[in-house]
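# Structure at a glance
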Amino acid sequence: MRKNIIKPFIFNIILLSVLVYVLGLTDSAFQQVYPSHTILSYGINSLKYFLFWVLPYWWFIIIVGAVVLTFLYVVFRKIRSDF
């Protein structure tokens, strides 16, 4: 049972982290804090911005969102198995 819950939980953490990463790229502070002129520096700077600015503020929301999505997954799977 736990193995069935851990996989969707990890998937939801990855999904929400990617979503927050993409949304962090649209932030105007990203361009102000880490100006980039080439594609390589843009990629490296985007990861630095994500790790040092976005994750410290959003980690709790990512974890709570993953727990909620995992709970919904388990509930819908249980409902579907009952029919």
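First, a word on scope: everything that follows refers to the structure included in this document. Every value quoted in this text rests on a predicted model; they were computed, and no experiment measured them.

### Some thoughts on the nonpolar core
One broad trend across soluble globular proteins is that nonpolar side chains are buried collectively. Membership of the largest hydrophobic core is limited to 9 residues, which are Leu16, Val20, Phe30, Tyr34, Tyr49, Phe50, Val54, Ile62 and Ala66. When residues of this core are traced back to their parent elements, those giving at least two are α1 (2-25) and α3 (39-82). The element best represented in this core is α3, accounting for 5 residues.

### Points about the side chain of serine 36
Inspection of the secondary structure assignment puts serine 36 in the loop between α2 (28-33) and α3. From its side chain, serine 36 meets the backbone oxygen of tyrosine 34 in a polar contact 3.4 Å long. There is a polar contact of 3.0 Å between the side chain of serine 36 and the side chain of asparagine 45. Residues in contact with serine 36, not counting those within four places in the same chain, are Ser41, Tyr42 and Asn45.

### Looking at the packing of aromatic side chains
Given two aromatic rings, one states the distance between the centres and the angle between the planes to describe the pair. Per the counting criterion, the structure on display carries 5 aromatic pairs. On the numbers, 5.3 Å between centres and 80 degrees between planes, the contact of phenylalanine 30 with tyrosine 42 is edge-to-face. Taken together, the positions of phenylalanine 30 in helix α2 and tyrosine 42 in helix α3 put the pair 12 residues apart, joining distant regions of the chain. For tyrosine 42, a relative accessible area of 33% puts it in the partly exposed group.

About the criteria used
- Residues numbered from 1 in each chain as written.
- Predicted model: local features only at pLDDT ≥ 70, side-chain atom pairs only at ≥ 80, totals over all residues.
- Heavy atoms only, no water.
- Core = buried A, V, L, I, M, F, W, Y, C linked by side-chain atoms within 4.5 Å.
- Buried < 20%, exposed > 50% of the residue type's maximum accessible area, 1.4 Å probe, protein only.
- Helix = DSSP H or I, 4+ residues; strand = E, 2+ residues; numbered from the N terminus.
- Polar contact = N/O pair within 3.5 Å; in protein donor to acceptor, adjacent residues only side chain to side chain.
- Contact = heavy atoms within 4.5 Å.
- Phe/Tyr/Trp six-rings, centres within 6.5 Å; stacked < 30°, edge-to-face > 60°.

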